[in-house]
Amino acid sequence: MTGFLAYSLAGHDKGELYLIIEETEDYVHVADGAVRTLDRLKKKNKKHVQIIKKGYQRMDISSVTNEEIKHFIKLYLKDIEEVK
């Protein structure tokens, strides 16, 4: 699951788009590059996120930066707008 974009389905951040950075048995740690940076990851229950796999590639997170995360999310949102 790491490297995929995911929407938050529950919580005060419902509807926000994140990049999955780490995965444990029950949780994922996500970042958006702006509010939730790599040094302040958000812990989300796996059942509270919707992973986006269809039509989008996985990001290599081994040496990713906050700026690259913001850019990746921005490109995805731009692609979504063009489809509408």
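Preceding block: the structure.
What this report covers is the structure whose coordinates are included nearby.

One can find V35 in the loop between β3 (27–31) and β4 (42–45). Judged by relative accessible area, which is 54%, V35 ranks as exposed.

Below, the discussion takes up the packing of aromatic side chains. Any pair of aromatic rings gets described here by the distance separating the centres and the angle formed by the planes. Inspection of the entire model under this criterion finds zero aromatic pairs. Above the plane of the ring of Y27 lies K43, whose end atom (NZ or CZ) is 4.4 Å from the centre. One residue, K53, lies across the ring of F4, its end atom 5.6 Å from the ring centre.

As a further point, take the sheet that holds strand β1 (residues 5–8). Taken together, the five strands give an open sheet; going across it, the order is β4-β3-β2-β1-β5, and neighbouring strands pair in antiparallel fashion. A strand with exactly one partner marks an edge of an open sheet, and here the two such strands are β4 and β5 (49–52). The average angle at which neighbouring strand axes cross in this sheet is 45°, direction not considered. Of the pairings in the sheet, the one linking β3 to β4 comprises four bridges and is antiparallel in character. From the neighbouring strand, H29 faces β4, where its bridge partner is K43.

Moving on, we come to the pairing of β3. When you tally the buried positions in β3, you get four out of five residues, the bulk of the element. Relative to β3, strand β2 (residues 17–23) runs antiparallel, the two being bridged by four bridges. Across the sheet, I20 pairs through a bridge with V30, a residue of β3. Here β2 folds back onto β3 in antiparallel fashion, the turn holding three residues.

So, how was this worked out
- Residues numbered from 1 in each chain as written.
- Predicted model: local features only at pLDDT ≥ 70, side-chain atom pairs only at ≥ 80, totals over all residues.
- Heavy atoms only, no water.
- Helix = DSSP H or I, 4+ residues; strand = E, 2+ residues; numbered from the N terminus.
- Buried < 20%, exposed > 50% of the residue type's maximum accessible area, 1.4 Å probe, protein only.
- Phe/Tyr/Trp six-rings, centres within 6.5 Å; stacked < 30°, edge-to-face > 60°.
- Lys NZ or Arg CZ within 6 Å of the ring centre and 35° of its normal.
- Pairing = 2+ DSSP bridges.
- Axes fitted to C-alpha atoms, helices over the stretch in contact; angles between N-to-C directions.

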